[in-house]
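# Summary of the model geometry
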Amino acid sequence: ADTSPSTFLAALRSDLRIRVLSRPDPRTLVFELVGVDASFANALRRIMIAEIPTVALEYIYMWNNTGLIHDEVLSHRLGLVPLNVDPRLFDEYGLDVDENGEAAATDRNTVVFRLNVACGRNEREDERLERKMEERWRNEGLVRGLDPKKANKGGEQEEGSGSSKKKKSKNKKNKKGKAKNEEGAKEEDEEEVEEEDEEALEPSVMGLSIADKAASHAAVHAASNANVGTTIAIDEPSRPFTKHIYTHHLLWCPQGDQLERFPLHNDDATTTTTTTTTSIGGIRPIHEDILLAKLRPGQVIELEAHARKGTGKDHAKFSPVATASYRLMPQIEITRPIYDDDAEELVNWFEPGVFSLLPIPSDAEGEDAGHRVKAAVSNPYACTMSRNFMRHPVLKERIKMSRIPNHFIFEVESVGMMAPGVIVAEALKVLKEKCERVVGLADESLAAMMGGV
Amino acid sequence: MNAPERSACFLLDDDEEKVEYSVDTKVSNAGTFTFNKEDHTVANLLRMQLLRDPAVKFAGYMHPHPLVAPVEVLSAAIEDLSNETDHLITQVTDAIDKWKKENDQVGLGM
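Residues numbered from 1 in each chain as written. Chains lettered and ligands numbered in written order. Predicted model: local features only at pLDDT ≥ 70, side-chain atom pairs only at ≥ 80, totals over all residues. Heavy atoms only, no water.

This part takes up the overall build of chain B. Tallying secondary structure elements over chain B gives 2 helices and 4 strands in all. Taken from N to C terminus, the helices and strands of chain B fall in the order β-β-α-β-β-α. Of all 110 residues assigned to chain B, the portion counted as buried reaches 42%. Relative to all contacts within chain B whose residues are 6 or more apart in sequence, the contacts with residues 24 or more apart total 41%. Element-wise, carbon and sulfur atoms account for 52% of the exposed surface of chain B, whose accessible area totals about 6,300 Å². (Helix = DSSP H or I, 4+ residues; strand = E, 2+ residues; numbered from the N terminus. Buried < 20%, exposed > 50% of the residue type's maximum accessible area, 1.4 Å probe, protein only. Contact = heavy atoms within 4.5 Å. Areas by Shrake-Rupley, 256 points an atom, 1.4 Å probe, with all protein chains shown as cover.)

Dropping the structure here:
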């Protein structure tokens, strides 16, 4: 066959087909690609996984971590948190170089997050700590996420306190971060807290009142069973208070003009950005309920995290797809007709819908005569190539299974920062760039060589 | 413990060029393109495309272990290699443009 470039391109134009098959959910796309070579499909898949840039937390500045989770482990977990920011709106780090040759971290290439959490001695004190820093973080313009469990409950709290304040939560909530910085302030705070605690405790023995509180906790928990609180996991009076740190505790610190480029929304308005619905806006992690760490009373985490653009090649946290995969379309051939009981068994041994039973009219002639039903291939797409039929003595002689070599069924599952269709389009762009660059450079080096010779 | 930096698998060293070409002394009309810091994504694609060109007698690629050496693409061609690479650029670019157009038509984007 004539395979010169022009005929190849012409053949490609007429044979090539792309068709979206289904969208099982907003983050998954199933499409078919027909008429290309396996190397092209594979290149597309590899690029989707490894070479589409994404923004993720890269540099963690750990100021204080007295929790049980080691610094590096916590940093690793933070890096893996997917951020809901379209990477096409950001620049690559390292392009903007100042006179010393060092790359500058600008508002165009860095997203800054902070985590400032401290665990109080019990749930009430903890809430008090949270509310205390509300005003301060709001003034500094830091953005904290909505706790999804609390948002679903409509801001209802186990102890029924502070529910109205939770509803308004937007740019709020820090945990004693500033207080821990200075010794003097810390002492002040502690004294204050102790006084309040003593007032609230019943005049009788300390232990009894804690047990009482735990009992009332248990009662409330039994009542709101469906919505497990974010703080206490196991209900035992003797178990110390454990604070769970989720991604909604991460505070976004808008830099430069980031607040204009990624505006916050009012409580009333809900916006669908890419594939997630967020009622806050701005830059937040895709999921606000990812558990990062657990703290016990007195433990503190203070850190600042910078997010940069990177590719999956560098670190898997930068991959925009949960995964992207393809399979080849199966091809099932019935070499000799299959009738009646065999046909019915066949229909059951394959995935539903792959085979169908064709009734044979009573006046049929030839081989069909005298049989009830005949099996026919109706939907090979659903077949997963299990080859179950090979165990059947009759069926294994009459069916041939293979794959169509240039028909690819892709399934792309996006992590959430970009729609899956967008990821495919970006992958094609990256592939085009790579080809142009690589082939162009090959040209250059060849010309240089030839010129020299 | 001895693992190199992850970025070393795609960032060029200071003394490396992306593409280097050297003529094969033993076979006529043959040469070796060495692509530094590349992987199967582009290499296999390039090889398949080269094989489609009737002017190409032999094309293959080696991708030794990353701790050892970079990717090499061996190609033999009669007449102008440069013409051929021009064709390759056009072919793949056009094909991709066409795909992108099809993408928009079918509404792959959300």
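From this point, things continue past the structure.
Turning next to the overall build of chain A. From N to C terminus, chain A includes 13 helices and 15 strands. Put simply, chain A has 453 residues, and 45% of those count as buried. Considering only contacts within chain A whose residues lie at least 6 apart along the sequence, 77% involve residues at least 24 apart. Put simply, chain A shows about 22,000 Å² of open surface, and 50% of that area lies on carbon and sulfur atoms.

With that settled, consider the pattern of salt bridges. Overall, the coordinates contain 22 salt bridges over all chains when judged by the stated rule. A salt bridge links Asp126 of chain A to Lys243 of chain A, with the nearest nitrogen and oxygen atoms 2.7 Å apart. Of this pair, Asp126 of chain A sits in helix 4 (residues 123–140) while Lys243 of chain A is found in strand 6 (residues 243–246), placing the two residues 117 residues apart along the sequence. A relative accessible area of 2% places Asp126 of chain A in the buried class. Residue class for Lys243 of chain A comes out buried when judged on its relative accessible area of 1%. Residues joined in a network through salt bridges with shared partners are Arg46, Glu51, Lys313, Lys434 and Arg437 of chain A together with Glu38 and Asp39 of chain B. (Salt bridge = Lys/Arg side-chain N within 4 Å of Asp/Glu carboxyl O.)

This part is about the environment of Ser14 of chain A. Residues and elements named next belong to chain A. Its place among the elements puts Ser14 in helix 1 (residues 5–15). For Ser14, a relative accessible area of 57% puts it in the exposed group. Taking C-alpha positions, Ser14 is 19 Å from Met329, a pair spaced 315 residues apart along the chain.

All right, on to helix 11 (residues 340–349) of chain A then. Residues and elements named next belong to chain A. Within helix 11 the residues assigned to the buried category are Asp340, Ala343 and Leu346. The arc that holds every buried residue of helix 11, seen down its axis, measures 115°, which confines them to one face. Among the exposed residues of helix 11, those pointing more than 90 degrees away from its buried face are Asp341 and Asn348. (Arc of directions from axis to C-beta.)

One widely used convention gives an interface's size as the accessible area the parts lose upon coming together. Taken together, the 49 residues of chain A in the interface contact 49 residues of chain B. Linking chain A with chain B are 4 salt bridges. Ionic pairing is found between Lys434 of chain A and Glu38 of chain B, a salt bridge with its closest N-O pair at 3.7 Å. Elements with a minimum of two residues in the side of chain A that touches chain B: helix 1, strand 1 (17–22), strand 2 (28–34), helix 2 (38–50) and helix 13 (420–452) of chain A. If you tally residues by element for the side of chain A that touches chain B, the top one is helix 13 of chain A, at 20 residues.

Relative to the elements of secondary structure, Gly421 of chain A occurs in helix 13. Put simply, Gly421 of chain A and Val36 of chain A are 385 residues apart on the chain and 19 Å apart in space, counted from C-alpha to C-alpha.

The subject of this paragraph is the sheet that holds strand 1 of chain A. All names here are of chain A. Spatial strand order, 1-2-15-12: 4 strands in an open sheet with antiparallel pairing. A single partner strand is all that each edge strand has here, and the edge strands are strand 1 and strand 12 (321–334). Put simply, the sheet's adjacent strands are angled 30° from each other on average, direction ignored. With 5 bridges connecting them, strand 1 and strand 2 associate as antiparallel partners. Bridged to Ser22 within strand 2 is Val30. Contacts from helix 2 reach strand 2, strand 12 and strand 15 (399–414) within the one sheet, and its direction differs from that of strand 12 by about 155°. (Pairing = 2+ DSSP bridges. Axes fitted to C-alpha atoms, helices over the stretch in contact; angles between N-to-C directions.)

This brings us to the sheet that holds strand 3 (residues 54–65) of chain A. Residue and element names in this part refer to chain A. Sheet architecture is open: 5 strands sit in the order 3-11-4-7-5, paired in antiparallel fashion. Of all strands in the sheet, those bounded by a partner on one side alone are strand 3 and strand 5 (143–144). As paired elements, strand 4 (residues 111–118) and strand 7 (residues 251–253) share 3 bridges and run antiparallel to each other. The residue bridging Phe113 from the neighbouring strand is Trp252, located in strand 7.

Grouped together as the largest cluster of nonpolar side chains are 33 residues, with contacts concentrated most on Leu33, Met48, Phe410 and Leu431 of chain A. Elements with a minimum of two residues in this core: strand 2, helix 2, strand 12, strand 15 and helix 13 of chain A together with helix 2 (81–106) of chain B. With 8 residues, the top contributor of residues to this core is helix 13 of chain A. Ranked by size, the runner-up nonpolar core spans 29 residues in total, among them Val81, Cys119, Ile280 and Ile301 of chain A. (Core = buried A, V, L, I, M, F, W, Y, C linked by side-chain atoms within 4.5 Å.)

Now for the packing of aromatic side chains. Residue and element names in this part refer to chain A. Applying the stated criterion across every chain, the model contains 7 aromatic pairs over all chains. Summarising the aromatic geometry, the rings of Tyr326 and Phe408 are spaced 5.2 Å apart at their centres and angled 90° between planes, so their arrangement reads as edge-to-face. Remark: Phe408 occurs in strand 15 and Tyr326 occurs in strand 12; sequence separation between them is 82 residues. Overall, the relative accessible area of 24% leaves Tyr326 in the partly exposed class. (Phe/Tyr/Trp six-rings, centres within 6.5 Å; stacked < 30°, edge-to-face > 60°.)

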